[in-house]
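Fold and geometry: a report
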Amino acid sequence: MALLPILSFPDPRLRTRAKPITHITPEIKQLAADMLETMYAAPGIGLAASQVDRHIALIVMDLSEEKNQPMIFVNPNVTPLTEETKPYEEGCLSVPQFFDQVERRAKVRINAQDLDGQPFEMEAEGLLAVCIQHELDHLDGKLFVDYLSPLKRQRIRDKLSKKGRQKSRKSEEAAVSAS
Ligand code: NI
């Protein structure tokens, strides 16, 4: 098991479209386990492979209070079951410390495969519906900030890139003082 680094907005790699998984290899099973560990440690409730720079259609999630109900979705897709949308205050491990309201379909059907390649289907409402649509967006190279106004998105971009720059400057300083 290993913790994986999570890409942060505005990293352009987050815009990569994920490829379908044709073969569930031991490496993909290991990736799913590592993604769950990374998600729990963050802590977060969902993580798409795109966020750890692996551009394949794989999502992990755990919406339970006790964090003991991991869900894994291979090649997921979502069909809206209603026109109705609902707002939800979303956050994202790739957009740390920012939260905002996003409108998504209130009810969807999820089709996916498990790690044995078995197809399954479920209907989702509430947090599960929000989360699967958010994670599926990651696989398409989309982020929740794309639904916000350009002004808000720019402000988040500025803050996160400034923080990123400070972080890399700090580690350069640390490298200099260590040498
Ligand atoms: Ni996210």
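First things first, this report covers the structure right here in the doc. Keep in mind it's a predicted model, so treat the numbers as computed, not measured.

What follows deals with the overall build of the protein. If you tally the helices and strands in the protein, you get 3 helices and 7 strands. Starting at the N terminus, the α and β elements of the protein follow one another as α-β-β-β-β-β-β-β-α-α. A globule of 179 residues ought to have a C-alpha radius of gyration of about 16 Å, and the protein, at 17 Å, matches this closely. By principal-axis analysis of the C-alpha atoms, the protein measures approximately 55 × 40 × 30 Å. Within the span of the protein, comprising 179 residues, buried residues form 38% of the whole. In the protein, 64% of the contacts between residues at least 6 apart in sequence involve partners at least 24 apart. As displayed, the protein has an accessible area near 10200 Å², and 52% of this comes from carbon and sulfur atoms.

This part takes up the coordination of the nickel ion. Taken together, Cys92 (SG), His134 (NE2) and His138 (NE2) make up the full set of protein donors to the nickel ion, lying 2.1 to 2.2 Å away. Binding-site remark: the nickel ion is held by donors from one chain whose sequence spacing is C-x41-H-x3-H. You can see Cys92 sitting in the loop between β4 (85–90) and β5 (100–105) and its partner His134 sitting in helix α2 (residues 126–139), a full 42 residues away along the chain.

The next subject is the pattern of salt bridges. Tallied over the full model, the rule gives 11 salt bridges. For Arg13, the salt bridge is made with Asp53, and the minimal N-O distance between the two is 3.3 Å. Pair noted here: Arg13 is in the segment before α1 (26–41) and Asp53 is in the loop between β1 (46–48) and β2 (58–61), with a separation of 40 residues, a long-range link. Relative accessible area serves as the criterion here: at 31%, Asp53 is assigned to the partly exposed category. Put simply, Arg105 and Glu83 hold a salt bridge, and the shortest N to O gap is 3.9 Å. Here Arg105 is found in strand β5, whereas its partner Glu83 is found in the loop between β3 (71–80) and β4, with 22 residues between them in sequence. Among the charged side chains, a salt-bridge network with shared partners connects Asp11, Arg13 and Asp53.

Our next topic: the pairing of β3. Looking along a regular strand, one sees the side chains alternate between the two faces of the sheet. Two elements, β2 and β3, share 4 bridges in a ladder whose sense is antiparallel. Along β3, the bridge assignment pairs Leu58 with Val74. Note: β3 against strand β6 (residues 107–113), 5 bridges, orientation antiparallel. Bridge pairing in β6 links Pro80 to Val108.

What counts as what
- Residues numbered from 1 in each chain as written.
- Predicted model: local features only at pLDDT ≥ 70, side-chain atom pairs only at ≥ 80, totals over all residues.
- Heavy atoms only, no water.
- Helix = DSSP H or I, 4+ residues; strand = E, 2+ residues; numbered from the N terminus.
- Rg over C-alpha atoms; globule rule 2.2 N^0.38 Å.
- Buried < 20%, exposed > 50% of the residue type's maximum accessible area, 1.4 Å probe, protein only.
- Contact = heavy atoms within 4.5 Å.
- Areas by Shrake-Rupley, 256 points an atom, 1.4 Å probe, with all protein chains shown as cover.
- Donors = N, O, S within 2.8 Å, 3.2 Å for Na, K, Ca; no water.
- Salt bridge = Lys/Arg side-chain N within 4 Å of Asp/Glu carboxyl O.
- Pairing = 2+ DSSP bridges.

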